[in-house]
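Commentary on secondary and tertiary structure
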Amino acid sequence: MPLIQRKKPPSPPPEDLPDDDDDPQKKSHHHKKSNGGADKAKWSCVDSCCWFIGCVCVTWWFLLFLYNAMPASFPQYVTEAITGPLPDPPGVKLKKEGLKAMHPVVFIPGIVTGGLELWEGKQCADGLFRKRLWGGTFGEVYKRPLCWVEHMSLDNETGLDPAGIRTRAVSGLVAADYFAPGYFVWAVLIANLAHIGYEEKNMYMAAYDWRLSFQNTEVRDQTLSRMKSNIELMVSTNGGKKAVIVPHSMGVLYFLHFMKWVEAPAPMGGGGGPDWCAKHIKAVMNIGGPFLGVPKAVAGLFSAEAKDVAVARAIAPGFLDTDIFRLQTLQHVMRMTRTWDSTMSMIPKGGDTIWGGLDWSPEQGYTCSGKKQKSNETRGEEGESLVTKTKPVNYGRIISFGKDVAEAHPSEIKNIDFRGAVKGQSIPNNTCRDVWTEYHDMGIGGIKAIAEYKVYTADTVIDLLHYVAPKMMARGSAHFSYGIADDLDDPKYDHPRHWSNPLETKLPNAPEMEIYSLYGVGIPTERSYIYKLNQSPDSCIPFQIYTSAHEEDEDSCLKAGVYNVDGDETVPVLSAGFMCAKAWRGKTRFNPSGIKTYVREYNHSPPANLLEGRGTQSGAHVDIMGNFALIEDIMRVATGGNGSDLGDDQVHSGIFEWSERIDLKL
């Protein structure tokens, strides 16, 4: 059957076709073709950002998937493949040796490492009841920063809660096991103690609100009373075995205060009597203890900065000072931290006798390369003079205005006394009054007077802080003291303001007790600073560390306006070790019962690779809490050992030599 086909309609004549020249779309299309696609849509900045964010997110989720999919032992397998077999953690090691939990253990956290939560707040803090304001994820810092600052600050007059705000310490072991997710503080030590039988019935975290003065923790929260009761309970429920106390950082000073408080009669003290410590404490194992304060505290109170902040402030001039979205970052930090009385407990104690003066310091001759600098000049084989590049450092000059002042001979320094300078209300930047600090009351004349005094030692630093922050120091002086007692039997030293200063108090009458000073060494640690006037019109803080003062010589300890010495990155060796190395060694007027003291230093060794995390041999101020050697020392004492079992002193620094240079009446 023939297929029926449809005829196609005839094509229109050429003249009936539409003219391309009359069609703008086709005209454009032909134009693009003729240009080889050169006029395609350009790749915009927004497209680049979206592409970058997308790549980051995809990579992150892919890595997260791999992390959750891999066996738990994979990181350890990779680490061992690179570095060799890992040593057993101290808990596993001591368990194999047959050691078991014996003495109850009390942890005392330091400044900033303990969690704080909100119990009552302003309207801006709705939904934050019992949520962490300090520690954890710090989510509220970037969600509502001004509200966070308001609720973390204390009353500037009383040093206690502002009206309508109650921020309190988190309780239990979770208060300070981790500072932030993945960033351990006490967690590694707790986990190792658990290996040999410790649990919450014989471990106690003495959490407290570290912002308050030590005596005010008792006035407001009865923290000292609760610590006393818990220690007594653990001793009685553990067969009368005395407690091992493990304070860290500022917790060391807090427990010094406690030992005087617990013996003092009520109502000012705990009423435990002069033999309370002898009955209840086996050993105090101080970790990274700033017994004599830290110069870093001076920089923090004076200009709200330390080494790292100063560098950031220099890289982006004005950024941290400028009123960006009404957030003057450093000014808010200064206003907040100056309400925390605890920061004043860290101001250097002992004055020039301990820290040195214009022309001397105990650490004289120290070089950051580790080599001993005997003099500024040596002799070659044929007697020719070989002058070293390294200049002698005057560590006793805690603050110097200008590098030339820091290096000048004392006779060349012409001071103009600032104490009588007239203050005024005129300030360079009027926007600073949005966030009040005491610099507003100094005026330009007062600010210039500070710089014209040129150099400040440990003695005059106290006067400096009284001048620039009189309200803050008036509160601080009611709770802390920074001198050296002439007569420890003088009744005035019975006042609580002296109890956290080891140079103004006696240790308890407990001859069987032991005191350890455990700290890291081998890390450059802030000791003194070179400052300059901050002339920026945006600045609300008129002084800053002069980061351009720098020396490239490997032996030089001057880096970015900061002179460094040996320490754990926060506490210099002198502060951490002097009391146990000399002032408390044997029977002295500070240690009349002859409590045995030990110095145990841990040389810093950074992690070999990223898989080791923060390492197991770190000497850094917080990371040392994961140092296996330190943890083993604590565990051996907690299981019944003593200083002799640990090998007595373990020293890598010049602490004994430096201590001998200090002329202190013992």
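Keep in mind that this is a model prediction, so the values were computed, not measured.

Residues F302, I450 and V468 are the most contacted members of the largest nonpolar core, which totals 129 residues. Examining the composition of this core, we find that ten residues originate from one element, helix 10 (residues 250–263), more than from any other. Residues within four places of F302 in sequence aside, it is in contact with M334, R338, I399, F401, Y439, I450, L464, L465, V468, Y531, I541 and F543. Formed by 38 residues, the second largest nonpolar core is a distinct cluster that contains L189, M205, V246 and L518.

Right, let's get into the packing of aromatic side chains. Counted according to the given criterion, the structure contains 24 aromatic pairs. Here F179 and Y183 contribute two aromatic rings whose centre-to-centre distance is 6.3 Å and whose plane-to-plane angle is 70°, an arrangement assigned as edge-to-face. With a centroid separation of 5.9 Å and an interplanar angle of 90°, the aromatic rings of Y366 and W658 are classed as edge-to-face. You can see Y366 sitting in the loop between helix 15 (351–355) and strand 10 (377–379) and its partner W658 sitting in helix 23 (residues 655–660), a full 292 residues away along the chain.

Spatial ordering of the open sheet is given by 7-1-8-9-14-19, a layout of six strands whose pairing is parallel. Among the strands making up the open sheet, the edge pair consists of strand 7 (203–205) and strand 19 (596–603). Pairwise comparison of adjacent strand axes, ignoring direction, gives a mean angle of 15° for this sheet. When strand 1 (residues 105–108) meets strand 7, the two strands line up parallel, connected through three bridges. Paired with V106 across the two strands is Y204, which belongs to strand 7. Strands strand 1, strand 8 (243–247), strand 9 (281–287), strand 14 (514–521) and strand 19 of the sheet are contacted by helix 21 (residues 628–638), whose axis makes an angle of about 170° with strand 9.

Before going further, it helps to spend a moment on the sheet that holds strand 2 (residues 116–120). The three strands lie next to each other as 3-2-4, forming an open sheet whose pairing is antiparallel. Two strands bound the open sheet, and with one partner strand each, they are strand 3 (132–134) and strand 4 (166–169). Strand after strand, the sheet turns through a mean of 45° between neighbouring axes, direction not considered. Here four bridges tie strand 2 to strand 4, and the two strands are oriented antiparallel to one another. Counted as the bridge partner of L118 is T167 from strand 4.

So, on to the pattern of salt bridges. By the definition in use, this model includes 25 salt bridges. Its salt-bridge partner being E150, residue K122 comes within 3.2 Å of it at the nearest N-O pair. Placement of K122 in the loop between strand 2 and strand 3 and of E150 in helix 6 (residues 145–152) is noted, with a sequence separation of 28 residues between them. Residue K122 is classed as partly exposed on the basis of its relative accessible area, which comes to 33%. A salt bridge links D341 to R475; the shortest N-O distance between them is 2.8 Å. Residue D341 is located in the loop between helix 14 (329–337) and helix 15, and its partner R475 is located in helix 19 (residues 470–477); the two are separated by 134 residues in the primary sequence. Across the pair, R475 and D341 agree in class, each one buried.

With that settled, the discussion passes to the state of the cysteines. Going through the model one piece at a time under the given rule, you end up with two disulfides. For C124, the disulfide goes to C147, at an S-S distance of 2.2 Å. What sets the handedness of the C124 and C147 disulfide is the S-S torsion sign, and at about 80° it is right-handed. Linking C124 in the loop between strand 2 and strand 3 with C147 in helix 6, this pair joins segments that are 23 residues apart in sequence. Each sulfur in the disulfide pair C368 and C557 lies 2.2 Å from the other. Judged by the sign of its S-S torsion, about 125°, the bond between C368 and C557 is right-handed. Note that C368 is positioned in the loop between helix 15 and strand 10 and C557 in the loop between strand 16 (543–545) and strand 17 (558–559), a separation of 189 residues in sequence. As a non-bridged cysteine, C55 has C57 as the owner of its nearest cysteine sulfur, 9.4 Å distant.

Every α-helical turn comprises 3.6 residues, leaving residues that sit three or four positions apart pointing alike. The element helix 21 is extensively covered by neighbouring structure, given that nine of its eleven residues are classed as buried. For helix 21, the set of buried residues is F628, L630, I631, E632, D633, I634, M635, V637 and A638.

Residues of the protein with pLDDT of at least 70 account for 80%, and the chain-wide mean is 84. Segment residues 24–34 is flagged for pLDDT under 50; beyond a separation of four residues in sequence, or across chains, it makes six contacts in the model. Below a pLDDT of 50 lies the segment residues 323–327, which in the model reaches nine contacts outside its immediate sequence neighbourhood of four places, other chains included.

Within the secondary structure, R600 sits in strand 19. A polar atom in the side chain of R600 sits 3.1 Å from the side chain of D633. Aside from chain neighbours lying at most four places away, what touches R600 is S517, L518, Y519, D633, L646, G647, D648, D649 and Q650.

What counts, and at which threshold
- Residues numbered from 1 in each chain as written.
- Predicted model: local features only at pLDDT ≥ 70, side-chain atom pairs only at ≥ 80, totals over all residues.
- Heavy atoms only, no water.
- Core = buried A, V, L, I, M, F, W, Y, C linked by side-chain atoms within 4.5 Å.
- Buried < 20%, exposed > 50% of the residue type's maximum accessible area, 1.4 Å probe, protein only.
- Helix = DSSP H or I, 4+ residues; strand = E, 2+ residues; numbered from the N terminus.
- Contact = heavy atoms within 4.5 Å.
- Phe/Tyr/Trp six-rings, centres within 6.5 Å; stacked < 30°, edge-to-face > 60°.
- Pairing = 2+ DSSP bridges.
- Axes fitted to C-alpha atoms, helices over the stretch in contact; angles between N-to-C directions.
- Salt bridge = Lys/Arg side-chain N within 4 Å of Asp/Glu carboxyl O.
- Disulfide = S-S within 2.5 Å.
- pLDDT = per-residue confidence, 0-100.
- Polar contact = N/O pair within 3.5 Å; in protein donor to acceptor, adjacent residues only side chain to side chain.

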